[in-house]
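Chain by chain, the residues run as shown.
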Amino acid sequence: MRRQVESKLKAIYRQVVERNPGEAEFHQAAREVFDSLAPVLHKHPHYVDGAVLERVCEPERQIIFRVPWFDDEGQIRINRGFRVEFNSALGPYKGGLRFHPSVYLGIIKFLGFEQIFKNSLTGMPIGGGKGGSDFDPRGRSDREVMRFCQSFMTELYRHIGEYIDVPAGDIGVGGREIGYLFGQYKRITNRYESSVITGKGVTWGGSLVRTEATGYGTVLFTSEMLRTRGQDFDGRRVVVSGSGNVAIYAIEKAQALGATVVACSDSSGYVVDDEGIDVALLKQVKEVERGRVADYVERRPSAKLASNGSIWDVSCDVALPCAPQNELNADHAATLVGNGVQAVSEGANMPTTPEAVAVFQQANVLFGPGKAANAGGVATSALEMQQNASRDAWTFEHTEERLAAIMTGIHTRCAETAEEYGHPGNYVLGANIAGFLKVADAVIALGVI
Ligand code: NAP
């Protein structure tokens, strides 16, 4: 039976690769989930008979559209927009929009696929989806970003809705973009449908803590992992890659818990600041001025800009990759292990290559996979939807308490599931199985649709 299950998994994976040619990131995300599922399918053969995995790997709907807009010189520009509505067994599709030149269907599918299991792990009633565009907001004026967002929403609006599909932010989509997107939706539909999008400003339907949620949640999940070994953040050296939304609030929370965050980065290089990153200055440079990490270094005498090597060369106790996918490879992992890293947690989606994950696991380093560790963002989006539905606005303290309880719950679910399936401490396996089980049961219950 075990061998039969394994060959079935291989066959389904082959089919995923054949049906989605050239989509390497999606293949990688599917493989990582498949690698965990053999014990589940062995224990519950009705998932195999019900073709649950085949159904979950095929998006319910994929939308690709043209996004025309005028730049400030009056030139017509054309970008491509995507929305992959992957799985709605547990609730309306929910997942962010990414605006980055690297975006293509394979990236959106990998993110949407991860989102199904992540959303399931949160315990909230939300399905999985993701979208975005190959548009690059960096270096564009506010007016150009507004024109682009309005054009993007002029197509997207017909596919979304509070009971259908609820987008949010991701790389390149922050509060400014969410505002322009929501504004255009409201204008076209003539409806103030707050829960159609999350990550809104707090004065117009947003939730306190949503901005901080992914970074804070990643640190809270990591705290729970450290606690299983009698450790915590106090006095630890931490390295955080990126300096965007997730990274900034991961730095803020880690430092609030007594750690010193000694490095962060952006796509132009990384900064080492042995006195600890000055979060207020980083926010000013990144959130207000939309500058580069070099601008931070110019104003911070204790900081140095590194232009060669990798941020993962900086020795630390805890590493939090919070930037793009596949930025931490096996060599980086070996360096981190050699420098004595105790815990690694993914604030970003799939930032660690499978080979690097294996290095950490073999070295008995605590490893928190993104679908568990960064689920605080989408969970707080679901809390934003709850507040919108009840026309209510919660306090910061209450919302943060809810976030903390959700992250503790996710940690417990992953740890207990890993233990139940014979791999204690393996959070990758625990997250994949716990996330899958809930979706699989709903897929079976709803029939062949
Ligand atoms: P963001 O605010 O746009 O920030 C992205 C950061 O990554 C920027 O500092 C960016 O630098 C940096 N970056 C991009 N490419 C890089 C590279 N090659 N090397 C080093 N740094 C690089 O996006 P975000 O919302 O923080 O998202 C970061 C990650 O978290 C993504 O994987 C996203 O999917 C995941 N995530 C986000 C949320 C959320 O709520 N926002 C929730 C769950 C997961 P530049 O400015 O130079 O490009």
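Here we summarise the structure given alongside this text. All values reported here derive from a predicted model rather than from experimental measurement. (Residues numbered from 1 in each chain as written. Predicted model: local features only at pLDDT ≥ 70, side-chain atom pairs only at ≥ 80, totals over all residues. Heavy atoms only, no water.)

1. Details of the overall build of the protein
For clarity, the threshold we go by: Strands here are runs of E lasting at least two residues and helices are runs of H or I lasting at least four, both read from the DSSP assignment and numbered beginning at the N terminus. Radius of gyration: C-alpha atoms only; globule rule: 2.2 Å multiplied by the number of residues to the exponent 0.38. Type-normalised accessible area, obtained with a 1.4 Å probe on protein chains alone, sets the label of each residue: buried when under 20%, exposed when over 50%, and partly exposed for intermediate values. Methods summary: accessible areas were calculated by the Shrake-Rupley approach with a probe of 1.4 Å, and residue burial reflects only the protein chains presented. In summary, the charge assignment counts Lys and Arg as positive and Asp and Glu as negative, without counting His or the chain termini. Note that the charge is assigned to NZ on lysines, CZ on arginines, CG on aspartates and CD on glutamates.
Along its length, the protein carries 17 helices and 12 strands. Here the C-alpha atoms of the protein give a radius of gyration of 21 Å, agreeing with the 22 Å that 2.2 N^0.38 yields for 449 residues. Expressed along its principal axes, the backbone C-alpha trace of the protein runs to roughly 60 × 55 × 45 Å. Residues classed as buried in the protein amount to 57% of the 449 residues present. Surface exposure of the protein reaches about 18000 Å², of which carbon and sulfur atoms provide 49%. For the protein, the separation between the mean place of its 47 positive charges and that of its 54 negative charges on side chains is 5 Å.

2. Quick notes on the sheet that holds strand β11 (residues 343–345)
Which entries qualify depends on this criterion: Think of it this way: DSSP has to see at least two bridges between two strands before they count as a pair. With axes taken as lines fitted to C-alpha atoms, and helix axes fitted only over the stretch in contact, angles between N-to-C directions fall between 0 and 180 degrees.
Taken in spatial order, the seven strands line up as β9-β8-β7-β6-β10-β11-β12 in an open sheet, and their pairing is mixed. Strands at the two margins of the open sheet, each flanked by one partner only, are β9 (303–306) and β12 (366–368). The average angle at which neighbouring strand axes cross in this sheet is 15 degrees, direction not considered. For strand β10 (residues 318–320) and β11, the ladder comprises two bridges, and the chain directions are parallel. Paired with valine 318 across the strands is alanine 343, a residue of β11.

3. Examining helix α16 (residues 396–420)
Short version of the rule: To estimate how far a helix should extend, the number of its residues minus one is multiplied by 1.5 Å.
For α16, built from 25 residues, the straight-helix expectation of 36 Å at 1.5 Å per residue is met to within 8% by its first-to-last C-alpha distance of 36 Å. For α16, the set of buried residues is Thr399, Glu400, Leu403, Ile406, Met407, Gly409, Ile410, His411, Cys414, Thr417 and Ala418. Count one or two residues on from α16 and you reach glycine 422, which has phi positive near 85 degrees.

4. Let's talk about the pattern of salt bridges
This is how it is decided: Whenever Lys or Arg places a side-chain nitrogen within 4 Å of a carboxyl oxygen from Asp or Glu, that contact is recorded as a salt bridge.
If you walk through the whole model with that rule in mind, you get 29 salt bridges. For lysine 109, the salt bridge identified is with glutamate 23, shortest N-O distance 2.8 Å. In this pair, lysine 109 sits in helix α5 (residues 105–122) while glutamate 23 sits in the loop between α1 (2–19) and α2 (24–43), placing the two residues 86 residues apart along the sequence. For glutamate 23, a relative accessible area of 8% translates into the label buried. Arginine 77 is paired through a salt bridge with aspartate 71; the nearest N and O atoms lie 2.9 Å apart. For arginine 77, a relative accessible area of 34% translates into the label partly exposed. Under the relative-accessibility criterion, aspartate 71 is labelled buried at 3%.

5. What to know about the sheet that holds strand β2 (residues 76–87)
Spatial strand order, β1-β2-β4-β3-β5: five strands in an open sheet with mixed pairing. Of all strands in the sheet, those with a lone pairing partner are β1 (61–70) and β5 (165–168), marking the two edges. Across the sheet, the axes of successive neighbouring strands diverge by a mean angle of 20 degrees, strand direction being ignored. The pairing of strand β3 (residues 93–99) with strand β4 (residues 127–133) spans five bridges and is classified as parallel. Counterpart to leucine 97 in the pairing with β4 is glycine 131.

6. A word on the site of the ligand
Using the following cut-off: Distances are taken per atom, and a residue is near a molecule or strand as soon as one of its heavy atoms is within 4 Å of it. A 3.5 Å cut-off defines polar contacts: any pair of N or O atoms within that distance qualifies, except that in protein one atom must be a possible hydrogen donor and the other a possible acceptor, and neighbouring residues in sequence count only when both atoms are side-chain atoms. All amino acids are sorted into three groups, where Ala, Val, Leu, Ile, Met, Phe, Trp, Tyr, Cys and Pro are nonpolar, Asp, Glu, Lys and Arg are charged, and the leftover types, Gly among them, are polar.
For the ligand, the set of nearby residues contains 23 residues, the closest of which are Asp170, Thr214, Ser267, Arg292 and Asn349. Note that an oxygen atom of the ligand is positioned 2.7 Å from one of the side-chain N or O atoms of threonine 214. Contact distances for the ligand include 2.5 Å between an oxygen atom and a side-chain N or O atom of arginine 292. For the ligand, the accessible surface in isolation is 890 Å², of which the surrounding protein chains cover 83%. Mapped onto the shell around the ligand, the elements with two or more residues apiece are α8 (210–227), α9 (245–256) and β7 (260–266). A breakdown of the residues in the shell around the ligand according to their chemical character gives six nonpolar, 11 polar and six charged.

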